[in-house]
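Overview (structure and organization)
Here is how the chains run, residue by residue.
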Amino acid sequence: MPTVGPRCLGEGRFPNPSTCGEFFDCIPDGSGGYESLLSDCNGFAYDATSRTCSGEIECHSRSSRSVTTAYHLYSYLCEGQPDAFVCADCRTMVMCVKGQAFVRQCTSGKACYVSATFGGGVCYPGLPAECTCQKADVFVRDMYDPQKFFSCSATGAVPDNHVCPDGMVFDESTVRCRNQASVPACSRPGTFANLDNCAEYYSCMPLKHGWLQRLFMCSNGTLYNEVSGACEDPCASQMVCYEEGRFPDPHDRRNYYECLTIGNRIHRMRYQCPHGYVWKVADSGNGGSCVEDSGLTLHDYSTRCSIPSGMCPDGTDLCVTNNGGCNANADCTTSGTVVTCTCKAGYTGDGLTCTDIDECLVNNGGCDGNANCQNVPGGRVCKCRAGFTGDGLVCKDVDECLVGNGGCHAKAQCTNTVGSRNCSCLPGYIGDGFGCAGACELQPCFAGVTCTFSQVAPFYTCGPCPAGFSGNGITCENLECPVGFAGDGVVCGPDSDIDGYPDSQLACTDKHCKKDNCVNRPNSGQEDADGDGLGDSCDDDADGDGRKNPSDNCPLIVNPGQEDKDSDGTGNLCDNCPSVKNSNQKDVDLDGLGDACDPDIDNDGLANDKDNCPSVANSNQGDVDGDGVGDLCDNCPTVANSGQADSDQDLVGNKCDGDTDADRDGIDDSVDNCPGLHNSAQVDVDSDGAGDVCDSDSDNDGINDDLDNCMLIPNADQKDFDGDGRGDACITDRDGDLIIDSEDNCILNPNIHKTDFTNLQMVNLQPSSSVAPKWVVYDGGAEIHQNVNSAPGLAVGDASMESVDFEGTFFIEDTSDDDYVGFTFSYQSNAKFYAMMWKKANQGTGLKGVQLRLVNSATGPSNALADALWKTATTTNQVKLLWHDSSIGWKPRVAYRWQLHHRPEIGGVMRFYLYNGNTLVIDSGNLYDETLLGGRMGVFCLSQPKIIWSNMKYSCNRDIPQAIFDDLPQSLKNQVQATPGITTRTKNILG
């Protein structure tokens with residue numbers, strides 16, 4: 001029987017390099033992998049070239065090898081192909097070895113399929129189609145054997161197999177078995193008993209036209225047994241009762257025995273089935289019944305022959321009943337009326353009680369020292385261990401390297417060892433010997449850098465970094481133009497509006513070398529709807545349809561007719577719901593159909609009225625707390641709160657918000673995956689419920705983080721081909737998010753890749769005001785506009801970070817007002833956040849200049865909080881002033897660039913820089929506050945219209961800029977130098 005074989009790399013039949021004569025079939029398992037089934041050639045060698053068992057090559061002498069009995073009923077299949085794999089019928093595969101037939105029954109929904117990949121027949125799932133249930137309630141003739149057919153209860157069901165009586169074939173047209181027409185008495189190849197006189201038997205062999213039939217006679221009173229394929233003495237098999245029940249008569253299929261205990265002995269009685277009936281053993285193996293003598297298969301009884309009456313008389317041998325009182329593992333002999341009991345070989349005792357001898361306990365049972373001895377009732381089995389070959393009594397080492405390079409990779413050296421072999425990659429190749437790759441195949445160089453093979457370790461060299469980068473070719477860092485300039489980092493030109501694009505075309509190929517299509521107004525997305533070279537941001541008719549933008553209901557799509565069917569202010573041609581009013585044009589799944597008219601807003605296959613998260617894709621509809629709100633959009637997934645109230649807008653519902661945050665990271669302790677260590681990003685790479693910062697093995701690969709060379713990507717093998725301390729699995733992508741590190745904003749957070757404010761949370765800090773801010777997002781989330789004179793408000797993104805660098809460009813177009821513009825960071829709720837605010841001029845208690853404020857409000861959004869935000873000085877229980885520079889106020893239509901560095905773990909240090917063009921106008925110096933240790937980012941306005949925040953960028957960064965480090969107190973400098981993963985750096989800018 002096949003057993004589980006070696007690991008499969010592809011489909012087909014392959015030799016087992018560790019054992020002569022063994023092969024394994026690699027069969028698709030339906031899930032992208034392979035099922036490996038190990039088998040053998042019954043003592044002969046497997047020929048990998050012809051994919052057959054070679055009858056010419058023996059693995060060892062025939063006297064010592066263990067060979068499965070050939071099944072000669074199918075030997076006719078091997079007549080013209082002595083070494084082959086063939087199909088006898090849909091469920092039977094025959095392995096021909098030197099003309100002998102060895103049968104493999106197909107199970108588990110497989111059928112015999114002839115495939116060149118396997119060198120012939122193989123038990124294969126779902127093929128051929130002719131052997132599977134293609135339709136329901138049909139009967140189908142076996143494509144290989146017309147005497148056989150199968151029935152199908154349903155399409156795709158497992159076929160039920162049937163056989164027509166001898167001499168008949170199945171006719172699909174009439175759905176009946178019919179006599180085989182125009183052929184001799186032979187109906188199928190093979191050797192058969194004459195059931196009228198089983199001393200005679202005949203063979204049937206197919207010829208080109210008809211059949212060849214030969215008649216034979218058994219001698220010495222024997223009868224032909226079709227099961228064993230030999231003439232046997234039918235009386236040699238005696239029926240012995242060991243337990244009560246009904247059992248077949250081994251002499252006559254028409255009879256059966258009943259064994260019954262009377263007194264202390266088991267008695268035996270023989271009965272005969274009615275005329276035309278024979279005894280059939282029950283499928284369960286217990287008992288049986290008399291059934292009509294038709295439709296039975298060969299294996300339903302010991303022989304199909306009926307033994308002539310009187311041929312085997314039922315004598316009075318005392319050993320016949322109950323084995324004469326001897327143990328079942330003893331031989332019973334009689335001498336007159338005396339019974340002698342002798343334990344059989346392999347057992348010990350007095351014959352009445354016989355106990356198995358464990359031969360393996362002494363001298364390994366006589367097996368070879370390199371064999372395993374397995375005790376079996378009455379004996380033992382010796383089997384050579386893996387890496388050795390023989391009969392178990394004598395085992396010799398197998399040189400695995402002689403076949404298929406021992407299973408080693410083609411670019412590996414195979415070295416034979418006693419009982420095994422070693423595989424080692426050839427010089428210049430990296431791997432475990434089973435898989436070997438040239439060093440350059442592992443892409444050790446930075447993206448776009450040429451890798452060249454080398455004969456000396458580490459077997460590769462990297463070319464120079466691409467334009468705009470500097471480094472050794474293995475690691476390359478972006479070169480950046482100074483603030484107020486744009487380009488690829490090597491070639492830089494003036495950038496008046498600081499939106500990342502130069503005022504004139506530069507002699508380089510990076511997209512940031514292209515001339516700004518709106519030089520004096522920031523537009524980092526460079527949108528240009530009509531393609532006229534003038535950016536939409538400064539084109540008064542962006543779509544070129546003759547209507548100025550303010551009066552055009554589709555400012556970016558040509559529609560001179562201005563049709564607006566639903567009168568929502570958005571023209572039909574650009575309205576994602578032209579028949580349903582939806583002025584906000586919200587489209588969660590970005591399928592072009594607005595949410596107001598989309599029957600499946602999140603495109604998860606569930607209609608909105610049936611979806612417990614209509615705006616978040618969740619096809620499994622998980623709802624742990626049963627409140628009707630799916631877990632993926634439930635702000636209290638384990639506490640029922642169908643209303644989803646979240647008063648403080650911290651994304652945790654009121655029902656489960658305990659307002660306890662021991663580590664001050666903005667995550668309520670009730671849902672914090674690491675409540676003792678601040679980790680507002682909540683990264684949990686292995687999804688084990690423990691955040692990475694408090695998980696000793698973040699990727700669950702069995703290697704603790706302090707020893708793991710790929711901390712966030714499972715790599716238990718810790719392969720590191722160049723020995724640089726970073727594992728091969730994370731050479732270019734440390735967090736496994738498929739974004740190379742040089743293009744990844746957060747190289748240790750797989751959930752954040754780029755700056756994206758498209759999914760804004762709008763926070764109105766003065767709900768009583770009738771005018772709330774109106775936010776519009778551009779440039780894929782990197783630019784935000786706010787055009788109304790409004791109450792204080794925030795637009796907060798969904799990315800949460802601890803140590804962060806956050807920068808962007810301020811541009812205020814309004815010339816009539818003088819109020820606040822700014823941004824927020826470490827936003828934890830609408831009552832807790834930092835705000836960097838800038839006012840143009842003094843106005844009452846609101847003073848000119850840049851202010852860093854800590855909002856820690858007892859009331860949250862209210863008139864009291866709005867008043868405290870206006871007032872520059874500290875307001876108890878509302879807003880604390882951390883720093884104020886009153887030297888300059890903002891000027892309209894001037895681009896200013898801000899840069900913020902925040903490192904909560906280093907004493908809460910933060911530093912703010914402000915540039916006017918390329919001139920640094922404000923440096924806050926190091927500021928310290930540890931109230932809030934991480935959170936989200938966004939933009940802020942108060943009573944100021946027409947604001948643009950452009951070319952915004954945020955990134956996770958624990959490194960300490962050199963200027964900040966130099967100004968730290970010594971205690972914090974010591975902390976930086978002692979903390980793994982933190983280094984000091986100088987920004988890589990081309991001056």
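If you look the protein up in an unreviewed UniProt entry, it shows as Thrombospondin from Penaeus japonicus. According to the UniProt record, the Sequence similarities (unreviewed entry) comment for the protein reads "Belongs to the thrombospondin family."

1. A closer look at the overall build of the protein
Helix and strand counts for the protein come out as three helices and 61 strands. For the protein, the C-alpha radius of gyration of 43 Å lies well beyond 30 Å, the compact-globule estimate for 991 residues. Along the three orthogonal principal directions, the C-alpha set of the protein runs to about 130 × 70 × 65 Å. Evaluated residue by residue, the protein yields a buried proportion of 45% over its 991 residues. Long-range pairs, those at least 24 residues apart, make up 40% of the contacts in the protein between residues at least 6 apart in sequence.

2. Topic: unusual backbone geometry
Omega for the peptide link from Leu-127 to Pro-128 comes to -5 degrees, which places this bond in the cis form. Phi at Ser-826 is positive, roughly 50 degrees, even though this residue is not glycine. In this fold, Ser-826 is placed in strand 50 (residues 820-829). Assessed through its relative accessible area of 3%, Ser-826 is described here as buried. In this structure, Asn-951 takes a positive phi of about 50 degrees despite not being glycine.

3. Let's talk about the sheet that holds strand 24 (residues 265-272)
The three strands are arranged 22-23-24 in an open sheet whose pairing can be described as antiparallel. For this open sheet the edge positions go to strand 22 (245-248) and strand 24, each flanked by a neighbour on one side alone. Pairs of neighbouring strands in the sheet enclose a mean axial angle of 30 degrees, with direction left out of account. As paired strands, strand 23 (residues 255-262) and strand 24 are joined by eight bridges and run antiparallel to one another. Bridge assignment links Cys-259 to a residue of strand 24, and that residue is Arg-268.

4. What about the UniProt feature "domain: EGF-like" (unreviewed entry) in the protein?
On the UniProt side, "domain: EGF-like" (unreviewed entry) is annotated at positions that read residues 315-355, 356-396 and 397-435 here. Helix and strand shares over residues 356-396 are 0% and 44% respectively, and the end C-alpha atoms of the span are 30 Å apart. The span residues 397-435 shows a helical share of 0% and a strand share of 41%, and its end C-alpha atoms are spaced 25 Å apart.

5. What about the environment of Leu-865?
As for its position among the elements, Leu-865 is in helix 1 (residues 863-870). In this structure Leu-865 comes out as buried when scored by relative accessible area, which is 0%. Between the C-alpha atom of Leu-865 and that of Gln-100, which follows or precedes it by 765 residues, the distance is 94 Å. Beyond its immediate stretch of four places on either side in the chain, Leu-865 contacts Leu-765, Asn-830, Val-855, Ser-857, Thr-859, Gly-860, Gln-878 and Val-879.

6. Observations concerning helix 3 (residues 970-978)
Those residues of helix 3 lying buried are Leu-972, Lys-973 and Val-976. The buried residues of helix 3 all sit within an arc of 105 degrees when viewed along its axis, so they share a single face. For helix 3, the exposed residues set more than 90 degrees away from the buried face come down to Ser-971, Gln-977 and Ala-978.

7. What about the state of the cysteines?
This structure, assessed with the given rule, holds 30 disulfides. Between the sulfur atoms of Cys-90 and its disulfide mate Cys-131 the distance is 2.0 Å. Since a negative S-S torsion denotes a left-handed disulfide, the Cys-90-Cys-131 link at about -70 degrees is left-handed. Taken together, the residues Cys-90 in the loop between strand 7 (84-89) and strand 8 (92-97) and Cys-131 in the loop between strand 11 (120-125) and strand 12 (138-141) connect sequence positions 41 residues apart. Looking at Cys-90, the relative accessible area reads 0%, which means it is buried. Here Cys-131 falls in the buried class, since its relative accessible area comes to 1%.

8. Examining the nonpolar core
For soluble globular proteins, the rule of thumb is that nonpolar side chains tend to be buried together. In terms of nonpolar packing, the biggest core is built from 40 residues, with Phe-810, Phe-823, Trp-898, Phe-912, Leu-914, Trp-949 and Tyr-954 touching the most fellow members. Counting 17 residues, the second-largest nonpolar core is a separate cluster that includes Tyr-827, Leu-865, Leu-869 and Phe-940.

9. A closer look at the pairing of strand 7
Within strand 7, six of the six residues are buried, which leaves the element mostly enclosed by the surrounding structure. Relative to strand 8, strand 7 is paired through five bridges, and the arrangement is antiparallel. The residue bridging Asp-89 from the neighbouring strand is Thr-92, located in strand 8. As consecutive antiparallel partners, strand 7 and strand 8 are separated by two residues.

10. A short note on empty space enclosed by the protein
Counted according to the given criterion, the structure contains one cavity of 30 Å³ or more. The volume enclosed by the largest cavity comes to roughly 30 Å³. Lining the largest cavity we find Phe-810, Val-821, Gly-822, Phe-823, Met-836, Met-837, Trp-838, Val-850 and Phe-912. Broken down by secondary-structure element, the contributors of at least two residues to the lining of the largest cavity are strand 50 and strand 51 (832-839). A class-by-class count of the residues in the lining of the largest cavity yields eight nonpolar, one polar and no charged.

11. Thoughts on the pattern of salt bridges
On inspection of all chains with the given rule, the structure shows 16 salt bridges. Between Arg-903 and Asp-805 there is a salt bridge, with its nearest N and O atoms 2.9 Å apart. Here the residue Arg-903 occupies a position in strand 54 (residues 896-903), and Asp-805 occupies one in strand 49 (residues 804-812), the gap between them amounting to 98 residues. Asp-805 carries the same exposure label as Arg-903, and that label is buried. For the salt bridge of Lys-839 with Asp-819, the shortest nitrogen-to-oxygen distance reads 3.6 Å. With Lys-839 in strand 51 and Asp-819 in the loop between strand 49 and strand 50, the pair connects residues that are 20 residues apart, well separated along the chain. One exposure class covers both Lys-839 and Asp-819, and it is buried. Within the structure, one salt-bridge network assembled from shared partners comprises Arg-726, Arg-734 and Asp-741.

Criteria and thresholds
Residues numbered from 1 in each chain as written. Predicted model: local features only at pLDDT ≥ 70, side-chain atom pairs only at ≥ 80, totals over all residues. Heavy atoms only, no water. UniProt positions renumbered as here; feature names shortened; annotations may be inferred. Helix = DSSP H or I, 4+ residues; strand = E, 2+ residues; numbered from the N terminus. Rg over C-alpha atoms; globule rule 2.2 N^0.38 Å. Buried < 20%, exposed > 50% of the residue type's maximum accessible area, 1.4 Å probe, protein only. Contact = heavy atoms within 4.5 Å. Pairing = 2+ DSSP bridges. Axes fitted to C-alpha atoms, helices over the stretch in contact; angles between N-to-C directions. Arc of directions from axis to C-beta. Disulfide = S-S within 2.5 Å. Core = buried A, V, L, I, M, F, W, Y, C linked by side-chain atoms within 4.5 Å. 1 Å grid on protein atoms, 1.4 Å probe; cavity = no way out; pocket = protein on both sides within 12 Å on 5 of 7 lines; lining within 4 Å. Points joined across faces, edges and corners; volume = space filled by probe spheres on them. Nonpolar A, V, L, I, M, F, W, Y, C, P; charged D, E, K, R; others polar. Salt bridge = Lys/Arg side-chain N within 4 Å of Asp/Glu carboxyl O.

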